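# Architecture and fold: a report
These are the residues of each chain, in order.
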Amino acid sequence: MSPASFYALIGVGLFVIGFYALLVRRDDLTRILSINVMGSGVFMVLIAAADGVGATVDPVPHAMVLTGIVVAVSATAFALALSLARERAQ
Amino acid sequence: MTTPIERARHVIVVIAVLALGALLGIAIVGIPVGGQGLALIAAEALPDSGVSNPVTAVLLNFRAFDTLLEIGVLLLTLVAVWALGLRLPDAETLPASPLVNTLLRINLPLLTMIAGYLLWIGATAPGGAFQAGAVLTGVGVLMRLNGVLRLSRSVLRWMAIAGLLMFVAVALAMLAWTGGLLQYPVGSAGTWILVIETAATVSIATILTALFVGQEPGPREERP
């Protein structure tokens with residue numbers, strides 16, 4: 001098994017752990033966190049996919065992950081704000 | 001505590017999740033290795049991109065439209081959070097102490113300088129607007145936690161939209177100049193990328209810090 005597929009499998013593992021928590025947990029905070037863990041798994045798969053032969057590294061997945069991290073952070077902030085707003089409304 | 005039905009449901013969830021994991025794992029391992037993907041195409045076009053860091057070239061030249069939209073997504077998130085109109089209690093600030101003040105006095109300029117360095121080095125090495133923006137966000141959060149972050153609402157708004165405005169302005173200018181949206185003229189691509197990245201850094205840092213704060217400051221008050 002190449003190092004790249006090892007990292008990709010770890011990424012799948014993270015995704016699955018996050019998905020499990022998303023399904024079984026009920027509170028907002030844990031769910032938001034679990035979606036973040038799933039996202040980290042996807043990022044890891046993408047980074048592993050960027051590994052090419054020899055020294056050539058595909059920059060496109062790297063750029064996608066860089067973009068994805070920023071979007072994930074802002075989406076998390078929005079989710080937290082929504083959760084807070086819902087809690088206030090109750 | 002748990003009823004048998006709940007326990008059975010839990011077992012089903014565990015089995016389903018494990019099956020999903022196995023399926024994804026098989027799919028991942030089955031991807032043919034040694035593929036070049038877009039690496040070769042990107043490497044061939046790199047000399048024309050105006051920068052020598054392939055990731056920056058992809059982000060702000062080859063796929064600059066994606067990045068433009070992404071800055072738009074960031075701005076949208078901030079608008080959405082502000083639209084919720086949360087009224088948060090004044091966040092606790094760190095207790096003022098000579099130690100914290102001295103540390104901040106040393107660290108804040110240093111961090112700002114590091115952000116500038118990351119922005120500049122992005123053309124040739126890992127770095128760029130996002131990394132610089134993240135470090136600047138750290139500056140903003142530290143300032144916020146110490147109660148020294150004060151920006152009027154209008155300044156904050158302008159800083160938040162500066163990145164998108166600059167990006168769209170450059171895109172339209174390029175459309176008029178070279179006939180292609182975000183298609184930079186040969187030779188000056190590096191300059192345009194730096195112009196966009198500088199504005200984007202300010203906006204990314206402002207938006208992320210404002211998201212941390214969580215509510216829009218009042219019209220004439222100081223930023224909470």
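Preceding this paragraph is the structure being described.
Residues numbered from 1 in each chain as written. Chains lettered and ligands numbered in written order. Predicted model: local features only at pLDDT ≥ 70, side-chain atom pairs only at ≥ 80, totals over all residues. Heavy atoms only, no water.

### Overview of the interface of chain A and chain B
Between chain A and chain B, the contact holds 33 residues from the first and 37 residues from the second. For the chain A and chain B pair, buried surface summed over both sides reaches about 2,900 Å², with 84% attributable to carbon and sulfur atoms. Ranking the residues of chain A by area buried against chain B places Pro 59, Leu 66 and Val 70 of chain A at the top, with a combined share of 17%. Applying the counting criterion to the chain A and chain B interface returns 0 salt bridges. Here chain A and chain B share 1 residue pair in polar contact (both at pLDDT 80 or more) between them. A per-element tally of the side of chain A that touches chain B places helix α3 (residues 59-89) of chain A first, with 18 residues. Of the residues belonging to the side of chain A that touches chain B, the class tally is 26 nonpolar, 5 polar and 2 charged. (Contact = heavy atoms within 4.5 Å. Buried area = accessible area lost by both parts, 1.4 Å probe. Salt bridge = Lys/Arg side-chain N within 4 Å of Asp/Glu carboxyl O. Polar contact = N/O pair within 3.5 Å; in protein donor to acceptor, adjacent residues only side chain to side chain. Helix = DSSP H or I, 4+ residues; strand = E, 2+ residues; numbered from the N terminus. Nonpolar A, V, L, I, M, F, W, Y, C, P; charged D, E, K, R; others polar.)

### A closer look at the packing of aromatic side chains
Residues and elements named next belong to chain A. Evaluation of the coordinates by the stated rule reveals 3 aromatic pairs over all chains. Judged by centre distance (6.4 Å) and plane angle (20°), the ring pair of Phe 15 and Phe 19 falls under stacked. Of this pair, Phe 15 and Phe 19 both sit in helix α1 (residues 3-24), 4 residues apart, roughly one helical turn. The exposure class of Phe 15 is partly exposed, given its relative accessible area of 23%. (Phe/Tyr/Trp six-rings, centres within 6.5 Å; stacked < 30°, edge-to-face > 60°. Buried < 20%, exposed > 50% of the residue type's maximum accessible area, 1.4 Å probe, protein only.)

### Observations regarding the nonpolar core
If you look at the biggest cluster of nonpolar residues, it comprises 41 residues, and the most contacted ones within it are Phe 167, Leu 182 and Tyr 184 of chain B. Those elements giving two or more residues to this core turn out to be α3 of chain A together with α3 (54-62), α4 (64-84), α6 (129-145), α7 (153-178) and α8 (189-213) of chain B. At 9 residues, α8 of chain B tops the list of elements feeding residues into this core. The contacts of Leu 182 of chain B, once residues within four sequence positions are left out, are Ala 64, Phe 65, Leu 68, Phe 167, Ala 171, Met 174 and Ile 196 of chain B. If you look at the next biggest cluster of nonpolar residues, it comprises 6 residues, including Ala 8, Val 12 and Ala 48 of chain A together with Val 17 of chain B. (Core = buried A, V, L, I, M, F, W, Y, C linked by side-chain atoms within 4.5 Å.)

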